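Here is what each chain is made of, one letter per residue.
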Amino acid sequence: MTYIAVIDTGINNLRSIVGAVNHLGFKTMITNDKGKIMNATGLILPGVGSFPAGMKRLKDTGLDKTIKIFFKKDKPILAICLGFQMLFSSSNEFKNTKGLNILSGKVKSLKSLNTKEIVPNLGWKTLCYKKNKNNLLFKKVNHKPSIYFIHSYYVEAKNRNYITSTISFGGKKITTSIQLKNLYGVQFHPEKSGYNGLKIIKNFLTKTKKK
């Protein structure tokens with residue numbers, strides 16, 4: 001059976017993302033079983049809640065190692081919101097916590113940017129993405145799409161080469177998505193972003209089809 005594994009760490013809000021993937025004609029399996037994850041054609045790592053709680057769940061279940069193995073096997077991964085943040089080296093949310101460290105960078109509070117913007121960053125924002133044929137997630141997505149966000153922390157990526165989109169937050173540019181080989185991460189919620197969000201998910205799903 002061909003399916004997309006959606007990691008269940010116990011703190012995820014899974015209904016919307018599963019509904020979106022199913023709507024696009026792909027089967028999903030919500031699981032934290034390592035074998036079932038590794039047999040999937042693609043992996044989605046969603047997440048809500050705090051960085052320390054998310055990482056504790058992944059480590060307690062051994063899913064931190066499973067995600068890294070999945071990545072090393074060149075299988076497609078989509079990480080959303082907290083899932084996106086956990087791809088990086090560390091976060092200072094509540095306390096300094098190590099992340100998956102697949103990507104170099106730190107997760108910091110939006111308040112540290114010292115803007116007049118209200119935190120959390122909640123609602124629809126205009127997204128600017130890199131226009132090139134290799135930017136898979138945004139293929140045929142509307143120019144400067146309106147995308148839904150809800151977050152209080154942001155990623156300060158060390159390597160800007162894999163940043164694929166940004167938004168302006170109080171006049172300061174923050175990273176909102178990345179692409180590195182088979183790994184795709186988004187700070188926003190594509191499953192709650194209407195037509196453009198569905199297109200982003202669909203673009204990812206094209207990488208999960210068996211060759």
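Here the structure is a predicted model, which means the values were calculated and not measured. (Residues numbered from 1 in each chain as written. Predicted model: local features only at pLDDT ≥ 70, side-chain atom pairs only at ≥ 80, totals over all residues. Heavy atoms only, no water.)

Caption draft 1: Quick look at empty space enclosed by the protein. One pass over the structure, following the stated rule, counts one cavity of 30 Å³ or more. For the lining of the largest cavity, a count of residues per class yields three nonpolar, four polar and two charged. (1 Å grid on protein atoms, 1.4 Å probe; cavity = no way out; pocket = protein on both sides within 12 Å on 5 of 7 lines; lining within 4 Å. Points joined across faces, edges and corners; volume = space filled by probe spheres on them. Nonpolar A, V, L, I, M, F, W, Y, C, P; charged D, E, K, R; others polar.)

Caption draft 2: Highlighting the sheet that holds strand β6 (residues 97-98). Spatially, four strands are ordered β6-β5-β7-β11 in an open sheet, and the strand pairing comes out mixed. Taken across any chain shown, the strands that pair with only one partner, and hence form the sheet edges, are β6 and β11 (153-157). (Pairing = 2+ DSSP bridges. Helix = DSSP H or I, 4+ residues; strand = E, 2+ residues; numbered from the N terminus.)

Caption draft 3: Quick look at the packing of helix α3 (residues 51-61) against helix α4 (residues 63-72). Look at α3 against α4: their axes get within 5 Å of each other, and the N-to-C directions meet at 85°. Regarding the angle of α3 to α4, the classification is roughly perpendicular. Between α3 and α4, the residues in contact are L58, K59 and T61 and L63, D64 and I67, respectively. Classifying every residue of the contact of α3 with α4 gives three nonpolar, one polar and two charged. (Axes fitted to C-alpha atoms, helices over the stretch in contact; angles between N-to-C directions. Parallel < 35°, antiparallel > 145°, perpendicular 65-115°, else oblique. Contact = heavy atoms within 4.5 Å.)

Caption draft 4: Just the pairing of strand β1 (residues 4-7), in detail. A two-sided burial pattern is seen for β1, the buried positions comprising I4 and V6 on one face and A5 and I7 on the other. Where β1 lies against strand β2 (residues 28-31), four bridges are found, and the strand directions are parallel. Note on β2: the bridge partner recorded for V6 is I30. Across three bridges, β1 lies against strand β3 (residues 42-45) in parallel orientation. What sits directly across from V6, in β3, is I44. (Buried < 20%, exposed > 50% of the residue type's maximum accessible area, 1.4 Å probe, protein only.)

Caption draft 5: Geometry of the pattern of salt bridges. Tallied over the full model, the rule gives two salt bridges. For K56, the salt bridge goes to D60, with nearest N and O atoms at 2.7 Å. Of this pair, K56 and D60 both sit in helix α3, four residues apart, which is roughly one turn of the helix. You can call D60 exposed: its relative accessible area is 56%. K108 is the partner of E156 in a salt bridge, and the nearest nitrogen-oxygen pair spans 2.9 Å. Here E156, found in strand β11, pairs with K108, found in strand β7 (residues 105-109); they are 48 residues apart in sequence, far enough to count as distant. Overall, the relative accessible area of 36% leaves E156 in the partly exposed class. You can call K108 partly exposed: its relative accessible area is 24%. (Salt bridge = Lys/Arg side-chain N within 4 Å of Asp/Glu carboxyl O.)

Caption draft 6: Broad picture of the environment of F26. Checked against the element boundaries, F26 lands in the loop between α1 (15-23) and β2. Separated by 101 residues in sequence, F26 and L127 have C-alpha atoms that sit 26 Å apart. Residue contacts for F26: discarding those within four places in its chain leaves I4, V21, L205, T208 and K209.

Caption draft 7: Focus on the packing of α1 against helix α6 (residues 194-205). Running from N to C, α1 and α6 point in directions that differ by 70°, and their axes come no closer than 10 Å. With respect to α6, the axis of α1 lies roughly perpendicular. In the crossing of α1 with α6, the sense of the turn from one axis to the other is right-handed. Packed against α1, whose contacting residues are I17, A20, V21 and H23, the element α6 presents L198, I201 and L205 at the interface. Classifying every residue of the contact of α1 with α6 by side-chain character gives six nonpolar, one polar and no charged. (Left-handed = near helix turned anticlockwise from the far one by under 90°.)

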